[in-house]
Amino acid sequence: MYSLSPGFRVPAIQRGLSPLESMLTKINLGAGGTLVASTMIGDPPFWAFGAVVGAAGLINVTAGRRSLARWATVGVRHWRERRTTPTLAMSEGETRTWTLYPYHGTMQDPVQRIRFHAAFGKVLTFVGNRARTAGIQVHVTHHAQVGDYTNHTQTISVHVPKNLVTQPKREIATIERQFSNLGQLTRHKPADPPLIVERAAGWARLEDDRYAATARITGWPAEADGDLMSRFLLEQDRESVADGNDDGDFDDVHTRAARTDRSLAVLYRPLPTRQARNSEKWRRAAGEAFTIDKVEQDEQAEVSGSRHESLVRGSTVVDLDAYLTVWSDSPETITEARWATQLEADDLGIRLDWLTAQQNRAHLMTTPHGASARKGVIL
Amino acid sequence: MIRLLADHAAITAPFVSSSARFPGIPIGRSSSDGRPFNLSPVQVKYEILPSTNSLTLGEIGSGKSTSRKVQIRREVKLNQHQVVVIDSFGEQKPAGATEGEWAPLTRDLNGQIIKAGEFTLNPCSPLFPPDVREQLVRSLISTVEPTALTPQASHALQHALNHPKASNLGGLVDALQAPEDGRYPADKLTAWGEGAVLALTNYTDGALRGLFDGPSAGLPDTDVPIISFDFTQLDKTSPAIPALMAAISCWVEHVWLKQSTARHRHFVIEEAWQIFLSPHTAQLIQKLIKNSRKVGLSVDAVMHTLSDLGDGRALDLARLATIIQIGRLTPDEAAQVGALYELPAWAVEKIPTLTTGEAVWKVGPAFVDVIQTIISEEEAKLTDTSNLRRAAQAAALLADPDEQQDTETEGEDTAVLLSKDTASPFAETEEYDYECDGADDGPYFALPPGVIDTVDPRSCDDRHDAVLQAARAGRFGEAADIAVVGERADITAYGMDSPQATAWLVTRAEMAELSGDPARAAHLRATVARMGNDDGAAWFENTDNSATQWHQVPDDPATPDLTGEVDDEPRSSTRRRMWPYAAAIAVLTLTAGGVWQNADRDHKQAERQQKADNYKGRSGANLNMDSVDADVVARWTRDRDSVIVELRASFEPNAKYLRIESDGKKAVSQPDEGRFAQSPEIVIPVDDPYADVTVDVAIGGKGWKEGSRAASREIRLSPAGTAYDAETDERLPSDL
């Protein structure tokens, strides 16, 4: 059974009341209470009260769409992203790209699909163990050009950062042999990315007059069959479904109107087995120490069992960053395309975080050029 | 960043499509991933596709015939292939149809239609080699009299075929009846040939007369791109069909294939089960299939289901196909087909749910996909066989007889229309398009073509009225059903952006309003306006209150701003709960204020306590002003309600003037002649015994003259024994 149980995630704090904010609020409340209580035994300095009240105000007073603190965070982020350069975002090293297409029928047939995913998981484990520490990145992209027909471009790239291994070219050649077991593998040289000529909060216009809106995928469904990606990316199927249940309501109009090009990319950073085991050890310890809820405890125990089994069998854990770009040819249509994509993602339990006001180089992450993105990079 | 197990992370890899594709004509689109699907079997490598014979299955209305026709048309147009079609309408055959379903396509490709009964095929043509001629005549005999061909009869037949008169069927019968002596005497040959004669008279004098004999007996041309043998006029159980098939197979094998110059040829058999089930024709087809690769031929069979074939030889024939195209079938039949062709389970499961034009394709041993055949409008006109069925369905929904006539006429097959005396079927269709109910009473006249688009489709169509009436009566479910059916029909007939389709949106908006959902009505109307259809927009902007207005826009439709940024982030429930925080901050602030006040009071108390502890009741300071050394001394009285302040300059000869002043009380002292000045003293009443007392001290020294200003200082005296300069807060030395 496939399961995408939630792992560690760093929430995006651009929108919504983030867990970090609510945690800070609680801490601040605690500090305030302590301060008040301390007056029983002594005279606290006056500025301490000012600090507590001020912090509460920063976190909780909303000016417009964000709290004051969040405005400041976003401002800093803006400021930083204006100053980041591609060299800062991308790490140096050896990168190679191929196109990869599974053999025909692999994705339709449940048995073959499971075999394919198992093989890909093994390849990730293999890649993770090619270096002493995590660092080698595998980047997979899918671009669907939708018209009367759909053209799919699927690439896979490997990036070996500088100074990670002594013979990066040899490592890449070794990994290439592993990839070639997965399907039709062809060496590919990605075209130069088009430059951005205009930007708005929700999109970027490229020099070839396409508009791109990119989202980070922040959540995967807890349970998913192996056809998750097929269901999400193969729109032709969805169209026939939408037409079949066409009751002409608002959503239908939108879904039909906004069938556009779409790209999805996932950046995998597999960990070496040793690091994976360490990570699992701490994850488990933290889970056992801080989980009070009995149901959650049992749930974690169950998940831990299967994770443990996988790790014993030699599997590893993978850090993954995923991005989705929708393409269109005008600001209006791209808004509609975003809407339609969001609906589909909601259906499948995929959480999207549209990178509002961060469309600098975000679309690059869904091209093979994103293969060398640094961990935790600001886009 | 999300951390997952490698096994789980693999699911997120967006590998959804393969790159497999075949060379050849475009056929359609893969339903599974939307990629284009091309295939010309003859262009595929031999290793992948050893033979090029195909079988198309599917129930009525699954689009199998249309798909096959479209493929053949493209093969002919793009690859210059040649085609022979055995065309026999199946169960769909319309009453009164005089032509086969391939007729429009054949005509379009400048082909030749050969109708059974109108064209005579000559089995004894000298163009056939002698052995083929014999084989053909034997087939004809076996078809009607399976037991007639004994060894003796065969010999008699061979003998007769060598007779010069045997250049057509009539001559052959004569030669059988009146043979010349050969290896055996004529009497014997006559007796042996009786059975064959009896069988052949079916073709010359009996029910099958006119098929193989006649004055103009000849052979079809071999240089036309497509030849369609039209069996429409024959009953499907007629013995003529196997006989004709036998003749055609022989012609194909020995004449057409040899003389044709095309790169590749197709032999298409519609309703193939009839052909496959007859042992004689099945044998001929099997021979064609076996030789197909050698002679550059593809045998393309089209039929409904495998169950029609039984378990025998016919099924073996079906098994020889390497390209299988399976349209919608029942689950049982799908399972049977899946077992025969070793289809994967997912494909078998899909077969019963395929839509029209969709088919599961199996090409060669490994490639299986669901393909939607895509046809152009022109091809649709040439290939559509389901028009009548659709017309009947639409008619059932319409109460109005005029409307019914409209749809029927529009949908009728071209072949049927041509049999009428109308000049063009399409002109007639257009005339009926927007015929109004109102024309019932008056004389009928058709609208001129240019006027058509300006007529509001809703005013001509009572389906809209039916919907609204049902909605007004509260039967919203029924209204919605009618609306959906009508809208689909109109979208299919006129297109998504047509005024007809827009009119349905308008009607649905009205329906929504009647059902008490103004927001949805506003959505729909906004959609109409956004569609950019002039009629729709014009209506939407129409504020005229005249009778032509069909709708009224609600006062303030809460139409969402679709062009603005869509906030698609799920709302956090805690995000807007401001009041607990505000209350907490307020409480915190109040508490902090209270604590501060409290602390201030405490501080004062502590200070007072400290003062009380330090209380000495006396204070003094030593001053040196204007070269005079003096002491200021304050003494608090025992009852602590007053202070006595004294300025002492004892034994100071230079002290000419001493003054002490506080709170309006003042004491001055000047030395009398030859004596020292006395110490001036004042008594100041106090409320707080611990508070400091401030006094103004002025001392005139040696140079002081009466009337001049003496040097003065303000001194603050604390009951704790200390004294300060009141202006600089500098602590002064004690007098003690």
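Anything mentioned here points back to the structure above.
Please read these numbers as outputs of a predicted model, since none were measured by experiment.

Novice: Can you lay out the overall build of chain B for me, pointing to particular residues and giving the numbers?
Specialist: From N to C terminus, chain B includes 26 helices and 21 strands. Buried residues in chain B amount to 51% of all 736 residues. Within chain B, contacts between residues at least 6 apart in sequence are counted, and of these 63% link residues at least 24 apart. As presented, chain B carries roughly 34700 Å² of accessible surface, and 50% of it is formed by carbon and sulfur atoms.

Novice: Explain helix α13 (residues 331-341) of chain B residue by residue, including any values.
Specialist: Residue and element names in this part refer to chain B. All buried positions along α13 are accounted for by E333, A334, V337, G338, L340 and Y341. Buried residues along α13 cover an arc of 165° about the axis, so they all sit on one side. Residues of α13 that are exposed and point more than 90 degrees away from the buried face comprise P331, D332 and A339. Residues of α13 that are buried sit in contact with β4 (54-57), α12 (313-319), β10 (323-326), α14 (345-350) and β11 (358-363). Positive phi appears at E342, one or two residues downstream of α13, with a value of about 55°.

Novice: Explain a negative patch on the surface to me, and be specific about the residues and the numbers.
Specialist: Residue and element names in this part refer to chain A. Together, D293, E296, D298, E299 and E302 line one region of the surface with negative charge. Relative to the helices and strands, E302 is located in helix α11 (residues 294-312). Judged by its relative accessible area of 65%, E302 is exposed.

Novice: Got a sec to walk through the pairing of strand β13 (residues 618-625) of chain B? Specific residues and values, please.
Specialist: Residue and element names in this part refer to chain B. With 8 bridges joining them, β13 and strand β14 (residues 628-636) adopt antiparallel strand pairing. Paired with R618 across the two strands is R635, which belongs to β14. The turn joining β13 and β14, which pair antiparallel and follow one another in sequence, is formed by 2 residues; a positive phi near 55° is taken by D626.

Novice: Quick one: what's the story with the packing of helix α5 (residues 110-128) of chain A against helix α6 (residues 168-179) of chain A, residue by residue and with numbers?
Specialist: Residues and elements named next belong to chain A. Across the interface, α5 lies against α6 with an axial gap of 10 Å and an inter-helix angle of 170°. Looking at the two axes, α5 sits roughly antiparallel to α6. Along its contact with α5, which presents V123, F126 and V127, the element α6 presents T174, I175, Q178 and F179. When its residues are assigned to classes, the contact of α5 with α6 shows 5 nonpolar, 2 polar and no charged.

Rules behind the numbers
- Residues numbered from 1 in each chain as written.
- Chains lettered and ligands numbered in written order.
- Predicted model: local features only at pLDDT ≥ 70, side-chain atom pairs only at ≥ 80, totals over all residues.
- Heavy atoms only, no water.
- Helix = DSSP H or I, 4+ residues; strand = E, 2+ residues; numbered from the N terminus.
- Buried < 20%, exposed > 50% of the residue type's maximum accessible area, 1.4 Å probe, protein only.
- Contact = heavy atoms within 4.5 Å.
- Areas by Shrake-Rupley, 256 points an atom, 1.4 Å probe, with all protein chains shown as cover.
- Arc of directions from axis to C-beta.
- Patch = residues over 30% accessible without salt bridge, like charges linked within 9 Å, V, L, I, M, F, W, Y side chains within 5 Å.
- Salt bridge = Lys/Arg side-chain N within 4 Å of Asp/Glu carboxyl O.
- Lys, Arg positive; Asp, Glu negative; His and termini not counted.
- Charge placed at Lys NZ, Arg CZ, Asp CG, Glu CD.
- Pairing = 2+ DSSP bridges.
- Axes fitted to C-alpha atoms, helices over the stretch in contact; angles between N-to-C directions.
- Parallel < 35°, antiparallel > 145°, perpendicular 65-115°, else oblique.
- Nonpolar A, V, L, I, M, F, W, Y, C, P; charged D, E, K, R; others polar.

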